[in-house]
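Close look at the chain arrangement
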Amino acid sequence: MAETEATLLRQFPLFLPQNRAKTVYEGFISAQGRDFHLRLLLPKDLQLRNARLLCSWQLRTVLNGYHHVVQQRMQQSPDLYPAESPDCVVDFPVPFSVSWTPQSSLISIYTQFLAAVESLKTFWDVMDEIDEKTWVLEPEKPTRSATARRIVLGNNVSINIEVDPRHPTMLPECCFLGADHVVKPLGIRLSRNIHLWDPENSLLQNLKDVLEIDFPARAILEKSDFSMDCGICYAYQLDGAIPDQVCDNSQCGQSFHYICLYEWLRGLLTSRQSFNIIFGECPYCSKPITLKMSGRKA
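Owing to the predicted nature of the structure, the values given are computational and were not obtained by experimental measurement. Residue positions are given per chain, counting from 1 as you read along its sequence in written order. Confidence filtering applies because this is a predicted model: local features only for residues at pLDDT of at least 70, side-chain atom pairs given and counted only at 80 or more, and all residues used for totals across whole chains, interfaces and linings. Hydrogens and water are ignored here; the side-chain numbers use all heavy atoms of the structure.

**Thoughts on the sheet that holds strand β13 (residues 288-292)**
Our working rule: Criterion used throughout: strands pair if DSSP finds at least two bridges between them. A run of DSSP states H or I qualifies as a helix once it reaches four residues; a run of E qualifies as a strand once it reaches two. Both are numbered from the N-terminal end. Note on geometry: axes are C-alpha line fits, over the in-contact stretch for helices, and angles between N-to-C directions span 0 to 180 degrees.
With antiparallel pairing, three strands are arranged side by side in an open sheet as β11-β12-β13. Strands at the two margins of the open sheet, each flanked by one partner only, are β11 (272-274) and β13. Neighbour-to-neighbour, the strand axes of this sheet turn through a mean angle of 25°, independent of strand direction. Bridge count for strand β12 (residues 277-281) against β13 is five bridges, and the pairing is antiparallel.

**Overview of the pattern of salt bridges**
Our working definition: Each reported salt bridge corresponds to a side-chain nitrogen of Lys or Arg within 4 Å of a carboxyl oxygen of Asp or Glu.
One pass over the full model with this rule turns up nine salt bridges. A salt bridge links Arg 39 to Glu 26; the nearest nitrogen and oxygen atoms lie 2.5 Å apart. Of this pair, Arg 39 sits in strand β3 (residues 34-41) while Glu 26 sits in strand β2 (residues 24-31); the two residues are 13 residues apart in sequence, bridging distant segments of the chain.

**Looking at the sheet that holds strand β5 (residues 136-138)**
The cut-off we apply is this: In what follows, residue pairs with any heavy atoms lying within 4.5 Å of each other are defined as contacts.
With antiparallel pairing, the four strands of this open sheet are ordered in space as β5-β6-β7-β8. With partners counted over all chains shown, the strands left at the sheet margins are β5 and β8 (173-177), one partner each. Here the average twist between neighbouring strands, direction ignored, is 30°. Bridging between strand β6 (residues 148-154) and strand β7 (residues 157-162) involves six bridges; their strand directions are antiparallel. Looking at β7, one finds that Arg 150 is bridged to Asn 160. Along the sheet face, helix α5 (residues 121-133) touches β5, β6 and β7 and points at about 35° away from the line of β6.

**Points about the packing of aromatic side chains**
What counts, and what does not: Whether two aromatic rings pair depends on their centres lying within 6.5 Å, for rings of Phe, Tyr and Trp, where Trp uses its six-membered ring; planes under 30 degrees apart make the pair stacked, over 60 edge-to-face, and the rest tilted. Using a 1.4 Å probe on the protein chains alone, a residue whose accessible area is under 20% of its type maximum counts as buried, one over 50% counts as exposed, and one in between counts as partly exposed.
Using the criterion set out here, one finds six aromatic pairs in the structure. Their ring planes at 10° and their centres at 5.6 Å tell us that Phe 92 and Phe 113 sit as a pair that is stacked. With Phe 92 in the loop between α3 (67-76) and α4 (106-119) and Phe 113 in helix α4, this pair connects stretches of sequence that are 21 residues apart. Exposure remark for Phe 92: the relative accessible area of 11% places this residue in the buried category.

**Some thoughts on unusual backbone geometry**
Along the chain, Glu 138 connects to Pro 139 via a cis peptide bond; the corresponding omega equals -10°. The phi dihedral of Phe 275 is positive, around 55°, even though this residue is not glycine. As for its position among the elements, Phe 275 is in the loop between β11 and β12.

**So, the nonpolar core**
Defined as follows: Nonpolar cores were defined as sets of buried Ala, Val, Leu, Ile, Met, Phe, Trp, Tyr and Cys residues, with membership established by side-chain atoms within 4.5 Å.
One finds Leu 153, Ile 159, Ile 161, Phe 176, Leu 203, Leu 211 and Phe 215 to be the most contacted residues of the largest nonpolar core, which totals 29 residues. Counting only elements with at least two residues in this core, the list comes to α5, β6, β7, α6 (180-193) and α7 (203-211). Ignoring sequence-local partners within four residues, the contact set of Phe 215 consists of Lys 133, Thr 134, Ile 151, Val 152, Leu 153, Ile 159, Leu 204, Leu 207 and Lys 208. Tyr 258, Leu 265, Cys 282 and Ile 289 belong to the second-largest nonpolar core, a separate cluster that totals 12 residues.

Structure (structure tokens):
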């Protein structure tokens, strides 16, 4: 038998793998001037010496008396591992690169997988603490590869953070979402207290220190108190998006979906646009409201 999959396919072009795991091969071989159907079943460890051969009675007749030769050849054949690295699908926040040689096995991949999991433990601990102790708006059901969280800070104000999985306790990218009169003081605190950031502390504790706030838990802050429906479409979620545009009038504070507010302002005769900013009136309080154009589909 062939030493590798490539050699096997080269010598027996009509003998092809039947599944992704390449544990089943099927095709035709020639013996005594005739073609015979043959099926090869490999064990999970892909060792050819433990394979099973299934064939027709005609081929059995031809091989009668040669069973010991076939068995000996299979015992002498090396493991039928692919020459190239298998495709690995993982739920990691970073690429999973496998070190692979023709002598490698699935055990070596598993060992590398465990090492990668261990290297990401601190990152997942950081994200788990955020999920457990704060109210995360997005994503609703974060995967292990998700590096962003949108966290409630108060009534119609939130912070979106992007955590570096390689340095999870360092200052993340931060973006405040809400009315200007609410988010501007938060930005000032962040700039003023950034020197207090201590990588030895948890990311959540550092955010509390630099922002001078306590993150409200979902059990304390009722959903109706924060996540107001869009003031235009009266829905909370629209194509997976939640309201992230807020009227800056402190007496109003109504929230809107970006696309809803965009379409509303675009339909007003009194609205005007300067560069990438649309100026108009809030649908609720009629006070001035602005919308910064982005790359989102509108």
